[in-house]
Amino acid sequence: MTKDNINQDNEEQPIIIEKEFNDPIKFLEYLDPLAQINDDTEKEERKRAGVFVQINDDTTEGKKENADDALSKLRNGRWSHKKDNSPGKELTDVLFRGQPGDYDLIPGVFRDDFLLVDSHDAYLDKSNSGLVKSLKFLLNREHGQLNKFYKACDNKGIALIGDSLNIRENFDNRIFQIDGVMTTYHFHWPSTSYLQHLIAAQHHGCKTRILDWTSQSFIAAYFAASEANKKSQELELKKEKLKQSVNSEKEVLKQDGKEKYIVVWALFDGNDEDKSHNSLQIVRNIPGSISQNLALQSGAITYHLIHCDHKEKEKIYNKKAINKVKESNVKLLYKVKLENTKDNITTLLFCLRKYGFRGSSLFKDFEGVKREMEFDDISWISKRDRSNA
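This is a predicted model, so every value here is computed, not measured.

**Structural notes on helix α13 (residues 365-375)**
Given 3.6 residues per helical turn, the α-helix brings residues three or four places apart onto the same face.
Inference 1: Of all the positions in α13, only Gly-368, Arg-371, Glu-372 and Phe-375 are classed as buried. One side of α13 carries all its buried residues, which in axial view fall inside an arc of 100°. Of the exposed residues in α13, those oriented more than 90 degrees away from the buried face are Phe-366, Lys-370 and Met-373.
Inference 2: Packing partners of the buried residues in α13 comprise α8 (217-242) and α12 (359-362).

Here it is in structure tokens:
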């Protein structure tokens, strides 16, 4: 069974086509890179969003298919995308992101669970989780994260791409003062020099303004399923430890609110030539030397660029999610949901493994082995079932 939903009323939000499944096979079929569009409503919404699909009128039933016909089907697929309908324009990768719950598209540094830790009330508007009272405060938190990453790399003697004494001096003295207060001259953050370090930091435990995406839908599905599987393991362990206490059991279950579904988002970007005027930046073709994991995952990123000067350092910063506010270079979002049940996640991980998507293939060296053992393991499910039989 599937359920469809399309937001057509709110002009302040991007167009979102939402599809809900409770069958993991149907879920994968919908995400298949070669999937075709058969629903008229979906076609109309794509047209309204300006996502162009060219129909090959020469193809007739019974005609022997040649290579051009096959390519035409590929170009007209659900996940085919041209930034505009001009002749000769190449297809652009749709970007996918998998999440273990029905969460908004908010980077780690903007999330409440990070901002509210050790934060002074004066900096946050807790009545509205979408607002940070001080841009200076937000940048200070980012500065702290990246500074910790620099120090950890220095302690291990790890070389960072593009690192230099000048980069470090500017980081401490020109962009931020010693006490973390912004300097008074105009700048934008992050500059290209620091973006590559933020990307590396993002993939080694730091909270940043970056959101990770991939050009492959099944990789996104793997991340959604494997992280949901890991969360389920942890929840089961907590339940076992606290099963004697009814109150404690209820406290654990409260953590499940957003995790009724796993979600794969798909982003179609627009033809906006001057990227400097977009708050949201979309970066593909990231050098594999910055992050080997990102290369293995066919990775891309989005991040919000901040232009500011001394007059703006105290201004309220709106940290709305990508799916909550219209961006000039986001034409359309898909939100593909699968009910988060034991059977669905098990089946999905088995199917993805058959296609070659597993922890050891998407992460380098022993990091991939560790990921597969921790996140892809479903033996805990069968053990629990046997114990309950």
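**Details of the confidence of the model for the protein chain**
Inference 1: In this model, the protein chain carries an average pLDDT of 78, and 69% of its residues clear a pLDDT of 70 or more.
Inference 2: Within the protein chain, the element-level pLDDT minimum falls on helix α9 (residues 246-253), averaging 49, and the maximum on strand β3 (residues 95-99), averaging 97.
Inference 3: In this model, residues 176-186 is a region of pLDDT below 50 whose contacts with residues beyond four sequence positions or in other chains number 33 contacts.

**As for the nonpolar core**
Inference 1: Of all hydrophobic cores here, the largest spans 38 residues; its most connected members are Phe-27, Trp-79 and Tyr-334.
Inference 2: Residue assignment for this core shows that the elements contributing at least two residues are β2 (16-21), α1 (24-31), α8, β7 (261-269), β12 (330-339) and α11 (342-354).
Inference 3: Here this core gets nine residues from one element, more than from any other, and that element is α8.
Inference 4: Not counting chain neighbours up to four residues away, the residues in contact with Tyr-334 comprise Ile-17, Tyr-30, Glu-42, Arg-46, Arg-78, Trp-79, Val-264, Trp-265, Ala-266 and Phe-268.
Inference 5: Grouped together as the second largest cluster of nonpolar side chains are 24 residues, Leu-146, Phe-171, Tyr-194 and Leu-198 included.

**Some details on the environment of Asn-229**
Inference 1: Here Asn-229 lies in helix α8.
Inference 2: Overall, Asn-229 belongs to the buried group, its relative accessible area being 2%.
Inference 3: On a C-alpha basis, the gap between Asn-229 and Thr-346 in space is 8.2 Å, while along the polypeptide they are 117 residues apart.

**Structural notes on unusual backbone geometry**
Inference 1: Non-glycine residue Ser-298 carries a positive phi angle of around 50°.
Inference 2: Within the secondary structure, Ser-298 sits in the loop between α10 (292-296) and β9 (299-304).
Inference 3: With a phi angle near 50°, Asp-365 is a residue other than glycine that sits in the positive phi range.
Inference 4: The residue Asp-365 is located in helix α13 in this model.

**A few points about the side chain of Asp-376**
Inference 1: Tracing the backbone through its elements, the reader meets Asp-376 in the loop between α13 and α14 (379-388).
Inference 2: Buried charge without a partner: Asp-376 forms no salt bridge, and the closest opposite charge is Arg-353, 4.7 Å away.
Inference 3: Separated by 2.7 Å, the side chains of Asp-376 and Tyr-222 make a polar contact.
Inference 4: Setting aside anything within four residues of it in sequence, one finds Asp-376 in contact with Tyr-222, Ser-226, Asn-229, Leu-349, Arg-353, Arg-358, Gly-359 and Arg-371.

**Thoughts on a nonpolar patch on the surface**
Inference 1: A contiguous nonpolar patch, built from Phe-366, Val-369 and Met-373 and spanning about 370 Å² of accessible area, is present on the exposed surface.
Inference 2: With respect to the helices, strands and loops of the structure, Met-373 is situated in helix α13.

**Some thoughts on the pattern of salt bridges**
Inference 1: Scanning the entire structure with this criterion turns up 14 salt bridges.
Inference 2: Linking Lys-337 and Glu-18 is a salt bridge whose minimum nitrogen-to-oxygen distance equals 3.1 Å. One end of the pair, Lys-337, is in strand β12; the other, Glu-18, is in strand β2, and 319 residues separate them in sequence.
Inference 3: Note on Lys-337: relative accessible area 6%, which makes it buried.
Inference 4: Among the ionic pairs, Glu-142 bridges to Arg-209, the shortest N-O distance being 2.4 Å. Taken together, the positions of Glu-142 in helix α5 (residues 135-156) and Arg-209 in the loop between α7 (192-202) and β6 (210-214) put the pair 67 residues apart, joining distant regions of the chain.
Inference 5: Assessed through its relative accessible area of 0%, Arg-209 is described here as buried.
Inference 6: Connected through shared salt-bridge partners, Glu-18, Asp-102, Lys-335 and Lys-337 make up one network.

Calculation notes
Residues numbered from 1 in each chain as written. Predicted model: local features only at pLDDT ≥ 70, side-chain atom pairs only at ≥ 80, totals over all residues. Heavy atoms only, no water. Buried < 20%, exposed > 50% of the residue type's maximum accessible area, 1.4 Å probe, protein only. Helix = DSSP H or I, 4+ residues; strand = E, 2+ residues; numbered from the N terminus. Arc of directions from axis to C-beta. Contact = heavy atoms within 4.5 Å. pLDDT = per-residue confidence, 0-100. Core = buried A, V, L, I, M, F, W, Y, C linked by side-chain atoms within 4.5 Å. Lys, Arg positive; Asp, Glu negative; His and termini not counted. Salt bridge = Lys/Arg side-chain N within 4 Å of Asp/Glu carboxyl O. Polar contact = N/O pair within 3.5 Å; in protein donor to acceptor, adjacent residues only side chain to side chain. Patch = residues over 30% accessible without salt bridge, like charges linked within 9 Å, V, L, I, M, F, W, Y side chains within 5 Å. Areas by Shrake-Rupley, 256 points an atom, 1.4 Å probe, with all protein chains shown as cover.

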